[in-house]
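# Descriptive analysis of the structure
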Amino acid sequence: MPVLVLSLPERGAATVEVYDVGGRRVLVHRLDAASAGQQALALRAEHPLAPGLYLARVMQGGQQATGRFAIIP
């Protein structure tokens, strides 16, 4: 199972969205009471993520950050 490592600027709710290269949202994960700092998030999707390139968007408190990652077989 893939793990996404991210860093949150503050304590509180955050949302992580994952998109495939076609722009389709393939996963949404809400963190209700996340602590500030580094987080490791297991990417548990309804359907396993296929090998390929993905974009992750993290939103918290009006701020957002994006990054790319790959699933390699």
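Coordinates for the structure precede this section.
In this report, the structure presented in the accompanying data block is examined. Just so we're clear, the structure is a prediction, and the values are computed from it rather than from any experiment. (Residues numbered from 1 in each chain as written. Predicted model: local features only at pLDDT ≥ 70, side-chain atom pairs only at ≥ 80, totals over all residues. Heavy atoms only, no water.)

On to the overall build of the chain. For the chain, the helix and strand inventory stands at zero helices and six strands. Counting from the amino terminus, the chain carries its helices and strands in the arrangement β-β-β-β-β-β. The C-alpha radius of gyration computed for the chain amounts to 12 Å, which stays within 12% of the reference 11 Å derived for 73 residues, consistent with globular compactness. Taking the principal axes of the C-alpha coordinates as reference, the chain spans close to 35 × 20 × 20 Å. Expressed as a percentage of its 73 residues, the buried residues of the chain come to 33%. Excluding contacts between residues fewer than 6 apart, the proportion of contacts in the chain whose partners are at least 24 apart in sequence is 51%. As displayed, the chain has an accessible area near 5000 Å², and 51% of this comes from carbon and sulfur atoms. Separation of charge centres in the chain, based on 7 positive and 5 negative side chains, amounts to 3 Å. (Helix = DSSP H or I, 4+ residues; strand = E, 2+ residues; numbered from the N terminus. Rg over C-alpha atoms; globule rule 2.2 N^0.38 Å. Buried < 20%, exposed > 50% of the residue type's maximum accessible area, 1.4 Å probe, protein only. Contact = heavy atoms within 4.5 Å. Areas by Shrake-Rupley, 256 points an atom, 1.4 Å probe, with all protein chains shown as cover. Lys, Arg positive; Asp, Glu negative; His and termini not counted. Charge placed at Lys NZ, Arg CZ, Asp CG, Glu CD.)

We now examine the packing of aromatic side chains. By convention here, two paired aromatic rings are described through the distance between centres and the angle between planes. Summed over all chains, the structure comprises one aromatic pair. With centroids separated by 5.6 Å and ring planes inclined at 20°, the aromatic side chains of Y54 and F69 adopt a geometry described as stacked. Of this pair, Y54 sits in strand β5 (residues 52-60) while F69 sits in strand β6 (residues 63-71), and the two are 15 residues apart along the sequence. Classification of Y54 as buried rests on a relative accessible area of 8%. (Phe/Tyr/Trp six-rings, centres within 6.5 Å; stacked < 30°, edge-to-face > 60°.)

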